Amino acid sequence: MPLLSLKNLTFTYSKPNLLENITLHIERGERIGLVGRNGAGKSTLMKLIAGLLKPDDGSVEMLADTVVARLDQEVPSGGDRTAFEMAAEGFGALGPFVADYRSLGNRMVEGHSLSKSESARYEAASTALADAESWSAADDLETLLLEMQLPPDVLFSSLSAGMKRRVLLAGAMIRKPDILLLDEPTNHLDIESILWLQGFLKRFEGTLIFVTHDRVFLQEVADRIVEVDRGRVFDWTCNYQTFLVRRDALLAAEAVEQAQFDKKLAEEEVWIRQGIKARRTRNEGRVRALKAMREERRQRRQKVGTAKLQVQEAERSGALVARLEHVTQTFGDRTVIRDFSTTVFRGDKIGIVGPNGAGKSTLLRILLGQLSPTSGTVRLGTNQAVGYFDQLRNQLDETKSARENISDGTDFLMINGQKRHVMGFLQDFLFSPDRAHTLVGFLSGGERNRLLLAKMMSKPANVLVLDEPTNDLDAETLELLEDVLPDFSGTVFLVSHDRAFLNNVVTSTIVFEGDGVLGEYDGGYDDWARIRDQRLAAAREAATVKPIVEKNSAATGPSGGASPAVSAAPVKTRRLSFREQRELEELPERIAALEARQTQLNAEMATEGFFQSAGPRITAVTTELARLGEELTQCYQRWESLEG
């Protein structure tokens, strides 16, 4: 018997039905990716599975004692609660008692006396845990948090977006769910956090059902794709790339079938409208069949169209967009950018990658001339018209409708030199008249992002700044944006954690590599990742090379003669200067120190859980190892040169 069954399930907010007569069976251990256009009903389907909504018809059936946990895409602020207290919410009504039992119990162990109210809370927590037979709940949660590299007592509000997601995931996992529901789990996560989550979910033994816009994440995690489209579900038992091929073939066959149906319907309409003689002798069965065809055509739900994206290009900017020379930016005692130089020319498409809070927005502000660096020089180009996409959507007024946010009080817009009605322009971005008049505060995340794209593209620009544009957008709109941006003749600055989007758009990548160090690389994310992996491999290989000092000592036999396996040292051809002689004497000590540090870092990387730690630490260690490897190579070469 399946772990979960949806039988003839129907749900609607208004006509037509959002989900109609759905039947789906899910087995234990499956990892299912839910895909579909924005507003197709993916999140609603997960809420029905979680029991947060009730179907209008049909049923949701599970095996007895099935535990379901759900991770919503919205991250709460947390107030003054700790990571432990937030994760304890995973216990449901028992959560506050688990938190009190741990915090107050720890105070007693430390020798603090409890107030009367605190003693009452501790007694209530003890009673609740005893009644639920959950004495180990607090210890179990603390162990899980530590396994996930999370400090239990840190304030939740002080954590990065990725660490907050990890805390909420711990809360979802603590009950050891049979079914885990994740709604856009990669939103606002940096790449290191996405990779950690990717690996964690691959090891999850329960059933996973998730919605994501991240196509690489979907390909890596899902082993079954379920598409929600026009009220129905299409079940594909394959990975994402195979689904794309099969889905396109199905849509092509559907288009042919509908064209043939429409042609026959048109022929029957001609027949029914023939002259009086024909109407007297017509076949009543054929008339009934025609009525049935008309009804079938009326009930047909057309596939939602694709957005029509077109960037308005302003007059060309100067050839130079920005030149940064030895730029350093500090805030207090923290250095976010250290001695960075780069030159940006018109037409460059630059990706900016780094952990949350690393300083990506700071770099953007410096490149646009909005922030003067602490030190270094910045030269900006001329005639720049900037279009901005803000991931926080601060450019949208939630108290106004979608139309009012675009029109600025007018009915017409100038789009590439032509006058267009604002409603027609919004239809290009898939806004129906009804949704165009809806207040922004009531639009979905995907609709808001499409509206922000429309607002940006309603004005001419020759420099586009896109800060996380892929959040909440469906795959079709992402792919269209990927087609539009490379053809844009202006300059693009793209901050994104979507690896596929970076690969398909940018020509070079600036990476925050830790401790304020920025690296610049040709190509997209995969190109940088390949170079990073090569450096890491070289550093590890260098760590296994024995010091030259040991080689030289091993080359000398017991009698002081040279070992047969080692050739005699070459005769020096020149006399060393005083400075060179001193440098040669210091090299062994310098090499030994470098190799000791290299050994220390490799030992740290070999510890269990290192690659599940915070992204900045992983980046810092791998970067330092790469630098040590290069420096050791230079030292070896210099030694050979001085001894030669």
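Attention here is on the structure that accompanies the text. Being a predicted model, the structure only gives us computed values, none of them experimental.

Examining the overall build of the protein chain
Item 1. Secondary structure assignment for the protein chain yields 22 helices and 20 strands.
Item 2. Out of the 644 residues belonging to the protein chain, those deemed buried represent 47%.
Item 3. Of the roughly 32100 Å² of accessible surface on the protein chain, a fraction of 50% belongs to carbon and sulfur atoms.

Comments concerning the sheet that holds strand β9 (residues 232–236)
Sheets are built from strands that pair by backbone hydrogen bonding, the pairs being arranged parallel or antiparallel.
Item 1. Pairing is mixed across the open sheet formed by six strands, whose spatial order is β5-β6-β7-β3-β8-β9. Two strands close off the open sheet at either side, each with one partner strand: β5 (68–71) and β9. Averaged over all pairs of adjacent strands, the angle between strand axes in this sheet comes to 20 degrees, irrespective of strand direction.
Item 2. Judged from the five bridges that link them, strand β8 (residues 224–229) and β9 form a sheet pairing that is antiparallel. Following the sheet pairing, D229 is matched in β9 by R232.

Concerning the pairing of strand β1 (residues 4–11)
Item 1. For β1, a buried count of six out of eight residues is recorded, marking the element as mostly surrounded by other parts of the structure.
Item 2. Across five bridges, the pairing between β1 and strand β4 (residues 57–62) is antiparallel. Looking at the pairing, L6 lines up with V60 of β4.
Item 3. Where β1 and strand β2 (residues 19–26) come together, five bridges link them in antiparallel fashion. If you follow L9 over to β2, its bridge partner there is I22.

A closer look at the packing of helix α3 (residues 95–109) against helix α5 (residues 137–147)
Item 1. Contact geometry for α3 and α5: axes closest at 9 Å, N-to-C directions at 85 degrees. Relative to α5, the element α3 lies roughly perpendicular. Note on element contacts: α5 touches α3 through A137, A138 and E142, opposite V98, Y101 and R102.
Item 2. Taken together, the residues of the contact of α3 with α5 break down into four nonpolar, no polar and two charged.

Some details on the nonpolar core
Item 1. Core analysis: the largest hydrophobic core is formed by 53 residues, its most contacted members being L169, L180 and L201.
Item 2. For this core, the leading source of residues is helix α6 (residues 161–173), giving seven residues.
Item 3. With residues up to four places along the chain from it excluded, the contact list for L180 reads A69, L169, A172, M173, L201, F204, T207, L208 and I209.
Item 4. Core analysis: the second largest hydrophobic core is formed by 45 residues, V311, V422, L481 and F501 among them.

Digging into the sheet that holds strand β12 (residues 349–353)
Item 1. Read from one edge of the open sheet, six strands run β14-β17-β18-β12-β19-β20, paired in mixed fashion. Of all strands in the sheet, those bounded by a partner on one side alone are β14 (386–389) and β20 (517–522). Geometrically, the sheet is characterised by an average inter-axis angle of 15 degrees between neighbouring strands, direction not taken into account.
Item 2. One ladder, built from four bridges, connects β12 with strand β18 (residues 491–495); its direction is parallel. Within the sheet, the bridge partner assigned to I352 lies in β18 and is V495.
Item 3. Across the sheet, helix α16 (residues 445–457) touches β14 and β17 (463–467), and the angle it forms with β14 is around 175 degrees.

Observations concerning the packing of aromatic side chains
The geometry of an aromatic ring pair comes down to the distance between the two centres and the angle between the two planes.
Item 1. Inspection of every chain in the model, using the stated rule, returns nine aromatic pairs.
Item 2. For the ring pair W236 and F243, a centre distance of 5.6 Å and an interplane angle of 75 degrees mean the geometry is edge-to-face. Summarising the burial analysis for this pair, W236 and F243 share the class buried.
Item 3. For the pair Y240 and F243, a centre-to-centre distance of 5.9 Å together with 35 degrees between the ring planes defines the contact as tilted. In this pair, Y240 and F243 both sit in helix α9 (residues 240–272), three residues apart, roughly one turn of the helix.
Item 4. What makes Y240 buried here is its relative accessible area of 4%.
Item 5. Three or more aromatic residues joined by ring pairs make a cluster, and in this case those are Y101, Y122 and W135.
Item 6. When the ring centre of F431 is taken as origin, the NZ or CZ atom of R450, which lies over that ring, is 5.4 Å away.
Item 7. In this structure, R532 is placed above the aromatic ring of W528, and the distance from its NZ or CZ to the ring centre is 4.8 Å.

Comments concerning the pattern of salt bridges
Item 1. Under the defined criterion, the tally for this structure stands at 28 salt bridges.
Item 2. Residue E192 pairs with R532 through a salt bridge whose shortest N-O separation is 4.0 Å. Highlighted residues: E192 in helix α7 (residues 191–203) and R532 in helix α19 (residues 525–543), separated in sequence by 340 residues.
Item 3. By relative accessible area, R532 is classed as partly exposed at 22%.
Item 4. Here R247 ties to D248 by a salt bridge, and the two come within 3.2 Å at their closest N and O atoms.
Item 5. Classification of R247 as buried rests on a relative accessible area of 10%.
Item 6. Its relative accessible area of 45% is what places D248 among the partly exposed residues.
Item 7. Members of the salt-bridge network, linked through shared partners, are R590, R597, E624, R627 and E631.

About the criteria used
Residues numbered from 1 in each chain as written. Predicted model: local features only at pLDDT ≥ 70, side-chain atom pairs only at ≥ 80, totals over all residues. Heavy atoms only, no water. Helix = DSSP H or I, 4+ residues; strand = E, 2+ residues; numbered from the N terminus. Buried < 20%, exposed > 50% of the residue type's maximum accessible area, 1.4 Å probe, protein only. Areas by Shrake-Rupley, 256 points an atom, 1.4 Å probe, with all protein chains shown as cover. Pairing = 2+ DSSP bridges. Axes fitted to C-alpha atoms, helices over the stretch in contact; angles between N-to-C directions. Parallel < 35°, antiparallel > 145°, perpendicular 65-115°, else oblique. Contact = heavy atoms within 4.5 Å. Nonpolar A, V, L, I, M, F, W, Y, C, P; charged D, E, K, R; others polar. Core = buried A, V, L, I, M, F, W, Y, C linked by side-chain atoms within 4.5 Å. Phe/Tyr/Trp six-rings, centres within 6.5 Å; stacked < 30°, edge-to-face > 60°. Lys NZ or Arg CZ within 6 Å of the ring centre and 35° of its normal. Salt bridge = Lys/Arg side-chain N within 4 Å of Asp/Glu carboxyl O.

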